[in-house]
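Given next are the chains, with one letter for each unit.
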Amino acid sequence: MKKNFVEELRWRGMLHDIMPGTEEMLEKEMASAYVGIDPTADSLHIGHLVGVMMLKHFQRAGHRPLALIGGATGMIGDPSGKSKERNLLTEEDLRHNQASIQKQLERFLDFTSNEPNAAKLVNNYDWMKDFSFLDFIRDIGKHLTVNYMMAKDSVKKRLTSEDAEGMSFTEFTYQLVQGYDFLHLYREMNCKLQMGGSDQWGNITTGTELIRRKAQGTAFALTCPLITKADGTKFGKTEEGNVWLDKKLTSPYKFYQFWLNTSDEDAERYIKIFTMLDENEISSLVTAHKEAPHERALQKKLAEEMTIMVHSEEDLENALKASEILFGKATEDSLRNIDGETLADIFSGVPQFEIAASDLKEGLDIIAFGAQQTQIFSSNGEARKMIQANGFSINKNKVTLEKKITQDDVISGQYILAQKGKKNYFLIKVI
C-alpha cells in the first residue's frame, strides 16, 4: 500500500509550509514534483539530503520525482540566505558537476524503472541557454511587478540588512528564472509541485504565480524546515567544513563519525528525517535509548543507516573497524585489514613522523626508533623505562627491549602505529 506523502513528511518533522490544495491534488493523481539542486560542486553534501529524502519519499508514495540541476541558476547565484554573490561557473564545470551529482542521486532515487514514476534528472541550463534576454523580459518579466519581487523575504533581507552590500540585477532576477523553471516543467512534464527548504518559499510561490498568470494553471508549493542543531549551530558542518557524500572529500569513516557524534536530541530528529526507518522502528529505538542513553542506540543506528545508504555495507564495516582501532579494541590483524587511506584518516589528529624504509632493512633498535628516529620519547631513558613497564605498543602489540622494527612491521603499505600508554597514539609513515 502506497503511503500518504504529506502524512509521511508530517510525522517525520519534514513539513514546514504547504499550499492549500496540495494534499488533495496528490491524493487524486500521480503527480510530478521537483527539487532544485545547486551544482556549484561535483558532490552533494549532507545539507542537500533533506531535499533528496523528500524526493525519495515522494517516489515511494507512487509519484514522480524530478531532480533539477540548477545549471542556469548556478550561473547566477540564489540570494536566499546569502549575503554575497556566488562565483559563476563555466558550462564545462556545470556539466561535470551534473554527471557527478546524478551518480550520487542514483543511490536514493530509481531513474531506470519502466514505471511511470521513474525519477528524472533535468538541467535548467538546457532550456535557458537559448532564451534571449529580450525574449525573457518580454515573455516572462512583464508578468510580475517589481513590487511583487521586492516583497520576497530573500530580496528584503538583502536590501535591509545593516551590512547590506545591496544586490546585483543578476541576483534580483534569480526568482524570475526559478519561476520560469516551474512554468517550463509544468508545461513540458505536467509538474504541479515544487519542494524545497523553507527559505525557498518566496521563489517557489513566484513560480506558482507565473503559472497562474502565464498558463492559467494551478500549481503548488511545499517546504521543509531548515535543519539546525540543538545547540543552534549550523547543521552539516565540522571544523573541516562540509560533510560531503563523495568519499574522496569526506571518508566513510569520518561520515560515520559525524552521525555517531550527534547529540541525543539531534539524533532523535535526524533519524526521522534522514533514514527510511518506519515509525514503529524509530519509536522502539527512542524508547531503548531513553532507558540506556549511554549505549547510544539512536546514534549507532543513525550512523549505520546513513553510511550504508550513502556509501555501502562494506564501507560501514570499515568504519566500524576503524572506530574499534581508535577506541582501543583492535588487534594487529584488524589493523592490517584497514587500507592506508582510512588508517591515515583515523589518526589524522595524532602526532606523525616519517622514517626511511632503508633504515628498516637491518632492523631498527626499538629505543632508537622511539627516541631518535621519531620523537615519541624525549630521551633513551624515558623509552627504556616505558618499554620495561610494558607501556609501549607497535601495531597494538606490546614490545620488549629486544624488539627490532623491520619491514614486517609496516601495515597498510606504508605505516607503523605506535602507542605510548593507553591513549597516546603516533603514526609513523615509512617513505
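Going by the structure above, here's the rest.
Everything numeric here is computed off the predicted structure, so don't read it as measured data.

Rules and cut-offs
- Residues numbered from 1 in each chain as written.
- Predicted model: local features only at pLDDT ≥ 70, side-chain atom pairs only at ≥ 80, totals over all residues.
- Heavy atoms only, no water.
- Helix = DSSP H or I, 4+ residues; strand = E, 2+ residues; numbered from the N terminus.
- Expected span 1.5 Å × (residues − 1).
- Buried < 20%, exposed > 50% of the residue type's maximum accessible area, 1.4 Å probe, protein only.
- Contact = heavy atoms within 4.5 Å.
- Polar contact = N/O pair within 3.5 Å; in protein donor to acceptor, adjacent residues only side chain to side chain.
- Pairing = 2+ DSSP bridges.

Explain helix H4 (residues 91–105) to me, please; I cannot follow it from the model alone.
Every α-helical turn comprises 3.6 residues, leaving residues that sit three or four positions apart pointing alike. End to end, H4 covers 21 Å across 15 residues, agreeing with the expected 21 Å (1.5 Å per residue, within 8%). All of the buried residues along H4 are Leu94, Asn97, Gln98, Ser100, Ile101, Gln104 and Leu105. Looking at the packing, one finds that the buried side of H4 touches strand E2 (32–37), helix H3 (49–60), strand E3 (64–69) and strand E4 (120–123).

Would you mind going over helix H19 (residues 366–373) with me for this structure?
Burial analysis of H19 places 6 of its 8 residues in the buried class, the great majority of the element. Regarding H19, the residues found buried are Ile366, Ile367, Ala368, Phe369, Gly370 and Ala371. The backbone nitrogen of Ile367 lies 3.0 Å from a side-chain oxygen of the residue at the head of H19, namely Asp365.

Looking at this structure, how should I read the sheet that holds strand E5 (residues 191–197)?
Backbone hydrogen bonds hold the strands of a sheet together, and the pairing may be parallel or antiparallel. Across the sheet, 6 strands lie side by side as E1-E6-E5-E2-E3-E4; this open sheet has mixed pairing. What marks the edges here is a single partner per strand, and that holds for strand E1 (17–18) and E4. Sheet topology note: the E2/E3 ladder contains 6 bridges and is parallel. Of the residues in E3, the one forming a bridge with Val35 is Ala67.

Looking at this structure, I do not really get the pairing of strand E14 (residues 415–420). What am I missing?
Walk down a regular strand and you will see the side chains alternate between the two sheet faces. Counted residue by residue, E14 has 6 buried out of 6 residues, so it is predominantly covered. Side chains Tyr415, Leu417 and Gln419 of E14 all project onto a buried face; the interleaved residues Ile416, Ala418 and Lys420 project onto the opposite face, where all are buried too. Across 3 bridges, the pairing between strand E11 (residues 392–394) and E14 is antiparallel. Across the sheet, residue Ser393 finds its bridge partner in E14, namely Gln419.

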